[in-house]
Each structure stands twice: as structure tokens, then as C-alpha cells.
Amino acid sequence: MMDYFKTTCFSFSFFLFLQKVLFPKLSSKLPAYQQLSRSNKVEWSVRCASSIHAVQVTITAIYFIFVEAHTIDTNLLWVDSPIARFNIAWSCGFMISDLLLMCIYYEKIGGSPVFVAHHFVTIIGAIICLSNGYLIYHANYRIISEMSTTFVNIRWLLAVSKMKYTRRYFNNGVIMTSTFFLSRILLIPFFWKSVYHMVNSDIYIESMGRMIHYSWIGVCVVLDFINVFWMNRMLRAAFAFLLVKKESSE
């Protein structure tokens, strides 16, 4: 547990460094960045760091779920590996740093209660897994949802760079919506199917306390509701964008 606590602390420090030092310095030479307001410059750096995190943890989670986990012959409750635990700890460190900046720059970076709730319950879920050594499989399953985050961030970066009505913005929107649906909505029934089989196994019933059981199930339910909420908003925005584009072409 202590090794992964160190990983979380290092991840927290690393992403704060990216958000507060490295990306502001690297971006300062870009014309698009120079024209931004102070609050948008803060959000620019936050979103760049978020994209780095999303790519890292998504690739690792996909590898673990679809490759490594199939070589481990045990109940899903105890499916585990060092790389899978590292991925959870690394993601937890980022979420804490992102939540901290969200609280500090709440209005400047477009913070909302939904974003705060998402990060908060994600951190709780990570702590449950790392402190008890189980549910590593399902935690990484949830991390796959970060697949769409990079494209969400690119959408914002293109919008503030005054490229909202370009082909690049449109193409990114298609990829963003597709990956969001694939990683956050389409996987929901498959996730809960695996949960159903696991929670009804003898090993789970004998090993899992009632409080932890309801805690992690509650975390997953909240995350799914948030993702469905975001998907609905995304589709509404997409339809509105297409309608405006159609009207302008006429």
C-alpha cells in the first residue's frame, strides 16, 4: 500500500508541475495562447495535463483488461497486477491535483458540481481498491472511460483558438462523441454483467464487507449517471451545431 501511496503523491506533484510550470512556459510562445484571457490560460494548461494523463491511463487500462487480465486465473475480485495497481494510483494522483486546481480556480476553469462529484467519487473508488487490494480489475475497467477525455480537451482548445467552425473542429467532435459513447456508455452493460457474476460468487460473499460493497457499487452507479448526463449534453450540443451549420449553408 505504501508504494502506491508514493506513486499517488508523485503523480499529484508531477501533474501540478505540468499544470502550473511546464505547460504555461511551453505554451507562452504560441500565438493562440498569447491571446487568451488569464483564466483561459489556466484552463489551457489544466486540459493539456489532463490529456497526457488520459492517454497514459487509457492505454494501460486497455492492456490490462483485454490482455493481461485474461492470463490471471482467479475470481475477478482478486484479479491483480503491479501495472494495474500503478495505473489506479497514478490516476488517483492526477484526480487529486485536478480537483485541487478546480477548487482554487473554480470559476476560471469552468468548474461545476458535476465535475467535482466525478473527481471526488473517483478518488474514493481508487482509495478503496488500493487500501484493500481488491476490485483492481473493475477500477481499471472504469479508467477506460478516459479514452474520450483527450478529444474533449482538444475540442475546447480549438474553440478558444477561434477554430470552432473549421473541419478540424467538426472531425474532432465526431471522434469525441464516438469515443465517449464507446468507452463510457457502450461498456456499461458489459461492466455490470461482470459485476453481477462477481458479487454472486462465494469468494465475493465471503470476502466483501457490507459497507465496502455498497460504497464501491454506489461509486460506480454515480459515475454511470454522470456519464449518461454528459452524453445527453454532448448529443444535444452536436445536434445544435449541425442545425446551425445547416442553416448557415442555406
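Structure: see above.
Residues numbered from 1 in each chain as written. Predicted model: local features only at pLDDT ≥ 70, side-chain atom pairs only at ≥ 80, totals over all residues. Heavy atoms only, no water.

1. Observations concerning the overall build of the chain
Put simply, the test is: A run of H or I in DSSP becomes a helix once it reaches four residues, and a run of E becomes a strand once it reaches two; helices and strands are each numbered from the N terminus. Every radius of gyration here is taken over C-alpha atoms, with the globule rule written as 2.2 Å times N^0.38, N being the number of residues. We call a residue buried when its accessible area falls under 20% of the maximum for its residue type, exposed when it is over 50%, and partly exposed in between, using a 1.4 Å probe and counting protein chains only. Residue contacts are counted whenever heavy atoms from the two residues lie within 4.5 Å of one another. Areas reported as accessible are Shrake-Rupley estimates using a 1.4 Å probe. Residue values count occlusion only from the protein chains shown. Neither His nor the chain ends is counted toward charge; the positive residues are Lys and Arg and the negative residues Asp and Glu. A charge is said to be at NZ when it belongs to Lys, at CZ for Arg, at CG for Asp and at CD for Glu.
For the chain, the count of helices and strands is 11 helices and zero strands. Sequence-ordered secondary structure for the chain, helices as α and strands as β, is α-α-α-α-α-α-α-α-α-α-α. Rg of the C-alpha trace for the chain: 19 Å, near the compact-globule value of 18 Å for 250 residues, within the 12% margin. Out of the 250 residues in the chain, the part that is buried amounts to 46%. Within the chain, contacts between residues separated by at least 24 positions form 79% of all contacts whose residues are at least 6 apart in sequence. Element-wise, carbon and sulfur atoms account for 67% of the exposed surface of the chain, whose accessible area totals about 13,500 Å². Taking the 22 positively charged and 13 negatively charged side chains of the chain as two groups, their mean positions are separated by 15 Å.

2. Looking at the layout of surface pockets
Cut-off, in case you're wondering: Buriedness for pockets is judged along seven lines, at least five of which must meet protein on both sides within 12 Å for an open set on the 1 Å grid over protein atoms alone, while cavities are sets there where a 1.4 Å probe fits but cannot get out, and lining residues have an atom within 4 Å of a point. Grid points are joined across faces, edges and corners, and a volume is the space filled by probe spheres set on the points. Ten residues, namely Ala, Val, Leu, Ile, Met, Phe, Trp, Tyr, Cys and Pro, are considered nonpolar, four, namely Asp, Glu, Lys and Arg, are considered charged, and the remaining ones, Gly among them, are considered polar.
Size it by volume and the largest pocket reaches roughly 960 Å³. R47, F115, V152, N153 and W230 are, among the 33 residues lining the largest pocket, the residues nearest its centre. Elements with a minimum of two residues in the lining of the largest pocket: α3 (38-66), α4 (82-104), α5 (113-132), α7 (149-160), α8 (167-185) and α11 (210-249). It is α7 that provides the largest number of residues to the lining of the largest pocket, a total of six residues. Class assignment of the residues belonging to the lining of the largest pocket gives a composition of 17 nonpolar, eight polar and eight charged. There is about 330 Å³ of room inside the second largest pocket. If you trace the second largest pocket, you find 16 residues lining it, with R155, Y169, A237, A238 and F241 closest to the centre. Put simply, the parts of the chain that give the lining of the second largest pocket at least two residues each are α8 and α11. Taken together, the residues that form the lining of the second largest pocket break down as 12 nonpolar, two polar and two charged.

3. Let's talk about empty space enclosed by the protein
The final tally for this structure, using the stated rule, is one cavity of 30 Å³ or more. Elements with a contribution of two residues or more to the lining of the largest cavity: α4, α5, α6 (136-143), α8, α9 (188-199) and α11. For the lining of the largest cavity, the element with the highest residue contribution is α5, accounting for seven residues. The class makeup of the residues in the lining of the largest cavity is 18 nonpolar, eight polar and four charged.

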